[in-house]
Each structure stands twice: as structure tokens, then as C-alpha cells.
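# Structural description and commentary
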Amino acid sequence: MSVTATAAATPAATADRAACAPLPVLGRDVTVPLVTGGDVTYAALDYAASAPALQRVWDDVAAYAPYYGSVHRGAGYLSQLSTDLFENARRTVAEFLDCRPADQVVFTRSTTDSLNLLARALPAGCQVFVFETEHHASLLPWRDAEVTFLDAPRTPRQAVETLERALADRDPHGPALVCVTGASNVTGELWPVRELAAAAHAHGARIVLDAAQLAPHHPVSVRELDVDWVAFSGHKLYAPFGSGVLAGRADWLTAADPYLAGGGASRKVTRREDGGVAVEWHESAARHEAGSPNVIGAYSIASACKALTEAGFDTLVARERQLIDTVRAGLAEVPEVRILSLFGDDAPRVGVISFVVEGWNSSHFAAALSAEYGIGVRDGLFCAHPLVRTLLGADPGTQGECGAPEAAPGEKSLNAIRVSFGAGTPDEHVERFVRAVRELVRDGAKWRYRTEDGRCVPAV
């Protein structure tokens, strides 16, 4: 019996679980066919890639949609209404992140876009320090800077010590930036952000927090964590409408050329006597929001921020811990399963768990979960190649890609399986997942599979 099922046996536990009911999300009643016959309600356990939209977000967007208009550029009622909504969304996000009064909130397309924007805004000669454990969105944007890649730490304390040593060796007179995740997209483990921020500031560096996996699961306070910037994506925050956020200090952003040049970023454009064009750029967040912005995306993020705040992170975190305990306890009962971790079993974490199964190609295992049980998980290297290679003890040249590798069922390859969940996940989904893992390891797949275009799929 699962941990969750055991807890449900007592009246007190039943009341607690009722108080921690999952938030309504789109797709909760979708059914999918099984290769073995019949259909089943789809268990969406790939929240770390994209979380389903909250019903609240969808309803808010649907109510606004008839009033949609282009912002900042129209005298008409709908344009003015949309402008107010867009700027109010900015204020809502600032409140959600507990930003400082002088901080800017810039709307972007995603976490990746946010960090690339910041990379474009780095002052000349900036040194960047980033752990090899980062998602590629945090690992790769710093191409025009001097980058120091730090080895994967094995404890939170070691992470701080590693950063302190690296910063002590840098040129103390030039600008520096530390980029760190709040919660790993591979292991789900929480990083010591406040301590890393203190180390960065003690050595004259700034710090940006990749909160893509943290913000949907835990409150993020720019003030309390004392970070200079925070980046996250709407599609992981139950608002999948192609929008993201970069929030934080304005000085580097204001001093930098606009991320995109065009309407909205420019305040004044005139012809010069020599025939050229002179431009005055905005100094507000609009400087980096050229073009017609994604108003619906920004509004959906604000709606999600309100919904999560109103639901209460204490309640959401408590329920998610129950789900984490259910999954980890269930996987621990299967000797062939190895959960991937940097900081150990006792490390605090969000609902993201990666593992490998002895004797199974991970792509084959994930395909069987989908085809035979209606469970959606992810397999591969999760766009965090150096981290997964480190966790698997793999040689840098070993085969493996972001998605499923070219490997037939049963063949050994470099990839893992990731299950992830959050505020909209029903208990039944994680219980079905645990049961499915146990049955697949014990009995094997019921169907035959083959590799097609790099994916393991049921053979027909």
C-alpha cells in the first residue's frame, strides 16, 4: 500500500487531504487510448516541462479575450483597457516576487529568453559563474562573457564553498554575475539560494536566480533571497501562453542596448542632419519589450500568480510533500530503480524526480508507461546534459540527447526517466505511476516496441 493510501485511512488524514485538494487544471478529465485496449484518464506527470493551465487562468483569459486590444498605442477603449491590464499584470508579478521598489519586471517569452536578455545586458568585461548542474537555459546564454563553469557540488554547503573559492580568484575590480537554479529540473532538489547570494555579494558579484522550477512550487521573494534578478516561465507556472519574466535591478538593463530594436522600445526617433536616424530608447521595462507584447501571456502569468497566492503556498507545499513521499517510497520498494540525486535523500525538493531502471532503456520504459498505463513522463537528458552525465557517472562521449536517443528497447543508452507533478496532480495519478513502475519491472512490458525517428513507440 502506498504512503498516501495509508495516510488516508485515518479521519484526520482524510480531512487534511480534503483541505489540500489539487487545484483544478485543464485536461484533468482527458482520456487516452491504451495499446492493450480501452482507455484511461491521462496522468500528466511532466509538469517540469510544461504544467497544465489552471482552470482559473483559462477562465480569466477567456473572459478577457473579447476585449483584447493592442497596448500602449491606441486611444480606443479596448486598447486602453488592455494597456491597464498589461501594466497591472506587471505589478501583480512584482508583488508575487516581493520585488524591491526600484526593480523592473520585463515580460519575455520564457526563462530562456529572460536569461538571454540579461546576457545581452552584461557590462563589458563581465565574468559569469555558473554550475555545470544548470539547465541549458542558464548554462548557455553567456557566450559573450568570460564564463567559469563550476563542478557539480554534492552538498549545499559544498555549493557555497565552491562559489566562494571561484569568486575569490576573480578580478575584484570588474563586474561579475552568478547564475544559479532555485530547484533542479532533474533532481528537484532545492539550492541554497540565499547563501549563494550572500557569497556573491560578499565578493562584489551579482546573482540571477533561475526560478523556472522553483516558482510553481514555492514562494520566491527577491528581498528575502537577496537576489539581483529572477527569471521564470509562464508555461511552468500553469500559464502556458508563451510568456516569461525577468525581474530585478534596472541599472544594467537600462544601460544596455535594447534586446530587440523596434516600436515600443523607442521613445523618440528623428532624422539626423547627416541623413541617419537618432533614437532615444525608453529607460523603463519597455526598453526590452519591443513589438506588440504578448498581452494574454502576461495576463495569464498574473492570473496564475494570484491563484497560487490565494491557494496558499503553505497548503500547496504540504500537499506536494505528500505526493513526493508517495513516489519516493514507492520507487524505494523496487530494487532495480535508482533515484538520481546530488544532495542525498534528505535534501528538500520539489515534485521533480529522475531515475533509471536496471535492465531497461529509459525511453522504452517511458513509452510503456504511456502506451500501457496512460502516464506521461519524460525521458532523456532533460536539457541538462552535464548534470545528468555526472549523476549517471557517464563518459562525456557516451550517447545521449535532450530527447530519446537512438536506442532500441533493451539497449543501453545514456538517458533517464523524469516524473514531475504539482498543484494540479491528483493522488490517483502518482499512485498509478508507482503501481505501473512496480508492474513493469516485475512483469515486463505487455507490448512490443521499436525505435522510430529517435522515439521508442509501440510496434503496430
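In this report, we go over the structure that sits alongside the text.

To continue, consider the overall build of the protein. Within the protein, the secondary structure is distributed over 15 helices and 19 strands. For 460 residues, the compact-globule formula gives about 23 Å, and the C-alpha radius of gyration of the protein, at 23 Å, lands near that figure. Considered along the principal axes of its C-alpha atoms, the protein spans approximately 80 × 55 × 50 Å. In the protein, buried positions account for 54% of the 460 residues. Considering only residue pairs separated by 6 or more positions, the protein has 71% of its internal contacts joining residues 24 or more positions apart. Total accessible area computed for the protein in this model is approximately 19600 Å², and 52% of it derives from carbon and sulfur atoms. Considering the protein, the positive charge centre built from 42 side chains and the negative charge centre built from 56 side chains are found 2 Å apart.

The first and last C-alpha atoms of helix 13 (residues 362–373) sit 16 Å apart over 12 residues, in line with the 16 Å expected at 1.5 Å per residue. Here helix 13 lies mainly inside the structure; 11 of its 12 residues are buried. Along helix 13, the residues classified as buried are Ser362, Ser363, His364, Phe365, Ala366, Ala367, Ala368, Leu369, Ala371, Glu372 and Tyr373. Note on helix 13: the residue one or two positions beyond its end, Gly374, has a positive phi of about 70°.

Our focus in this paragraph is the sheet that holds strand 16 (residues 378–380). One open sheet accounts for four strands, arranged 13-14-17-16; its pairing is antiparallel. Strands with a single pairing partner mark the edges of an open sheet, and in this sheet they are strand 13 (337–339) and strand 16. In this sheet, neighbouring strand axes are inclined to one another by 30° on average, regardless of whether the strands run parallel or antiparallel. Along the sheet face, helix 12 (residues 313–332) touches strand 13, strand 14 (352–357) and strand 17 (416–420) and points at about 10° away from the line of strand 14.

Let us now look at the packing of aromatic side chains. On inspection of all chains with the given rule, the structure shows 12 aromatic pairs. Between Phe96 and Phe313, the aromatic rings sit 6.1 Å apart at their centres with planes inclined by 45°, giving tilted as the arrangement. A residue pair is termed long-range when its members are at least 10 positions apart, and Phe96 in helix 4 (residues 77–96) and Phe313 in helix 12 qualify at 217 residues. The residues Phe96 and Phe313 share a single accessibility class, namely buried. Ring pairing ties together the aromatic residues Phe355, Trp360, Phe365 and Phe433, which thus form one cluster.

Quick notes on the rules
Residues numbered from 1 in each chain as written. Predicted model: local features only at pLDDT ≥ 70, side-chain atom pairs only at ≥ 80, totals over all residues. Heavy atoms only, no water. Helix = DSSP H or I, 4+ residues; strand = E, 2+ residues; numbered from the N terminus. Rg over C-alpha atoms; globule rule 2.2 N^0.38 Å. Buried < 20%, exposed > 50% of the residue type's maximum accessible area, 1.4 Å probe, protein only. Contact = heavy atoms within 4.5 Å. Areas by Shrake-Rupley, 256 points an atom, 1.4 Å probe, with all protein chains shown as cover. Lys, Arg positive; Asp, Glu negative; His and termini not counted. Charge placed at Lys NZ, Arg CZ, Asp CG, Glu CD. Expected span 1.5 Å × (residues − 1). Pairing = 2+ DSSP bridges. Axes fitted to C-alpha atoms, helices over the stretch in contact; angles between N-to-C directions. Phe/Tyr/Trp six-rings, centres within 6.5 Å; stacked < 30°, edge-to-face > 60°.

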